[in-house]
Amino acid sequence: MSSEHKLGAALDEVLQASKAHVDALAKLKPRRFPWHRIVLPFGRWLYRHYPNGTLTNRIYWLGLFVSVHRRFPRRDRFLSDVLFRQAVSGELDKSLRRMVTDKYESKAYVNEKLGEERAVPTFAVLSSMEEVEAYEFPNRCVVKPTVNWKRVFLRLDGEQIPYHEFAQWLRHDFFLDTRETNYKDHPLRLVVEEFALGQQDPKEIKILYFDGKLMYFRVFDFVPDYPERHSREYDRHWQPLDLTVDARLLQVDLEKPVLLDEMAEAGAKIAEDFSGIVRVDFYYDDHDWKIGEITNLPTGVVTRIPNLAVEREFAKRVFPE
């Protein structure tokens, strides 16, 4: 059998095992909760008519939470409930949370905090289309909005610059999409940066902390040539969690990254400045690592765990004592 056929067979086996895992978890149906049909539409109505009020934000988040989880938030230390309280408590309005929301401003904080150049290096930050059109982009670079998510342009070898798309990015207020108040009233800019570690597709690991203490790891895109973005979660002892319902989750045994302890320690130095949950996103290989960004409200409240029993077990394994 050729190497390509072997790889294909291995990927098929991985996919089937992962789908079986997700299907098994999906059978653990949450209790139906009809109030979500009222709370979320009401929150959206408030959002349209009173977009900037604190009460509007809280009702919007409550509607979103109830719609996803089919229950009201609890005082328990469950992941989604802690994130909900973080979203509505005013924590996201703190100056440090707001500063690290900006992908450009956070680089200075990371480098100062760690005492060395650990953020992905920057070529330029552009504040208007006039600056964008006048700038001579490197043949190989990454372009992102400084306060947005999932919008990225990879210039691999002198490709044409998408000026129209960049103009849209500079007009898009991400706060209006997410209602995460740390995104509110930021200048809309583009950051032009190097490829992390000089690689087009570097390995990624996201490390979550609670009150400065390590919670768990989430590793991304670890199966070579696999066509879809995928992930797997590990607790702080590097034991697989695999408790969340996520179609991207692949059950593949991974070796502990060579520099994991070093990255976790660096992330903890950053997390010690934050109350509640914060996520530090790393690019890494066996020889070096860089911090890509700091995330204040990872997944928001929209990652649904099948029922309270599973959620309780997940919380028991990820929250520090």
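Since this is a predicted model, take the numbers as computed values, not measurements.

The rules behind the values
Residues numbered from 1 in each chain as written. Predicted model: local features only at pLDDT ≥ 70, side-chain atom pairs only at ≥ 80, totals over all residues. Heavy atoms only, no water. Helix = DSSP H or I, 4+ residues; strand = E, 2+ residues; numbered from the N terminus. Buried < 20%, exposed > 50% of the residue type's maximum accessible area, 1.4 Å probe, protein only. Contact = heavy atoms within 4.5 Å. Areas by Shrake-Rupley, 256 points an atom, 1.4 Å probe, with all protein chains shown as cover. Axes fitted to C-alpha atoms, helices over the stretch in contact; angles between N-to-C directions. Parallel < 35°, antiparallel > 145°, perpendicular 65-115°, else oblique. Nonpolar A, V, L, I, M, F, W, Y, C, P; charged D, E, K, R; others polar. Phe/Tyr/Trp six-rings, centres within 6.5 Å; stacked < 30°, edge-to-face > 60°. Lys NZ or Arg CZ within 6 Å of the ring centre and 35° of its normal. Core = buried A, V, L, I, M, F, W, Y, C linked by side-chain atoms within 4.5 Å.

When its secondary structure is counted, the protein chain shows 11 helices and nine strands. Taking all 321 residues of the protein chain together, 51% fall into the buried category. Summarising the internal contacts of the protein chain: among those between residues at least 6 apart in sequence, 64% fall at separations of at least 24. For the protein chain, the computed accessible surface area is about 16500 Å², with 50% contributed by carbon and sulfur atoms.

Before going further, it helps to examine the packing of helix H6 (residues 105-114) against helix H10 (residues 260-271). Helix packing for two helices is described by the angle between their axes and how far apart those axes are. Remark: H6 packs on H10, axes separated minimally by 10 Å, with the N-to-C direction vectors making an angle of 110°. Here H6 is positioned roughly perpendicular relative to H10, judged by the angle of their axes. Within the contact between the two elements, H6 uses Tyr109, Val110, Lys113 and Leu114 and H10 uses Ala266, Lys269 and Ile270. A per-class count over the contact of H6 with H10 returns five nonpolar, no polar and two charged.

In this section: unusual backbone geometry. Of note in the backbone geometry, arginine 70 takes a positive phi value of approximately 60° without being a glycine. Along the chain, the position of arginine 70 falls in the loop between helix H3 (54-69) and helix H4 (79-88). The phi angle at aspartate 221 is positive, at roughly 50°, despite the residue not being glycine. Residue placement: aspartate 221 occurs in the loop between strand E6 (213-220) and strand E7 (231-235). Among the residues examined, aspartate 221 registers a relative accessible area of 32% and is labelled partly exposed.

Attention now goes to the packing of aromatic side chains. With the rule as written, the count across this model stands at 13 aromatic pairs. Here the aromatic rings of phenylalanine 153 and phenylalanine 166 are separated by 5.8 Å at their centres, their planes lie at 75°, and the arrangement is edge-to-face. A residue pair is termed long-range when its members are at least 10 positions apart, and phenylalanine 153 in strand E3 (residues 153-155) and phenylalanine 166 in helix H8 (residues 163-169) qualify at 13 residues. Phenylalanine 153 sits in the buried class, given a relative accessible area of 13%. Through successive ring pairs, a cluster of aromatic residues spans Tyr135, Phe137, Phe153, Phe166 and Trp169. Across the ring face of tryptophan 289, the terminal group of arginine 118 is positioned such that the distance to the ring centre comes to 3.9 Å. Here arginine 140 stacks its cationic end above the ring of phenylalanine 195, 4.3 Å away from the centre of that ring.

Relative to the elements of secondary structure, lysine 144 occurs in strand E2 (residues 141-145). With residues up to four places along the chain from it excluded, the contact list for lysine 144 reads Lys103, Arg151, Val152, Trp169, Arg189, Leu190, Val191, Glu193 and Tyr283.

Once that is clear, we can look at the nonpolar core. Core analysis: the largest hydrophobic core is formed by 34 residues, its most contacted members being Ile205, Ile207, Phe217, Ile270 and Trp289. For this core, the secondary-structure elements that each account for two or more residues are H6, strand E5 (203-210), E6, H10, strand E8 (277-284) and strand E9 (289-295). Filtering out sequence-adjacent residues up to four positions away, isoleucine 270 remains in contact with Tyr109, Val110, Lys113, Leu114, Val280, Ile291 and Ile294. Counting residues in hydrophobic clusters, the runner-up holds 27 residues, among them Leu64, Phe210, Leu241 and Val310.

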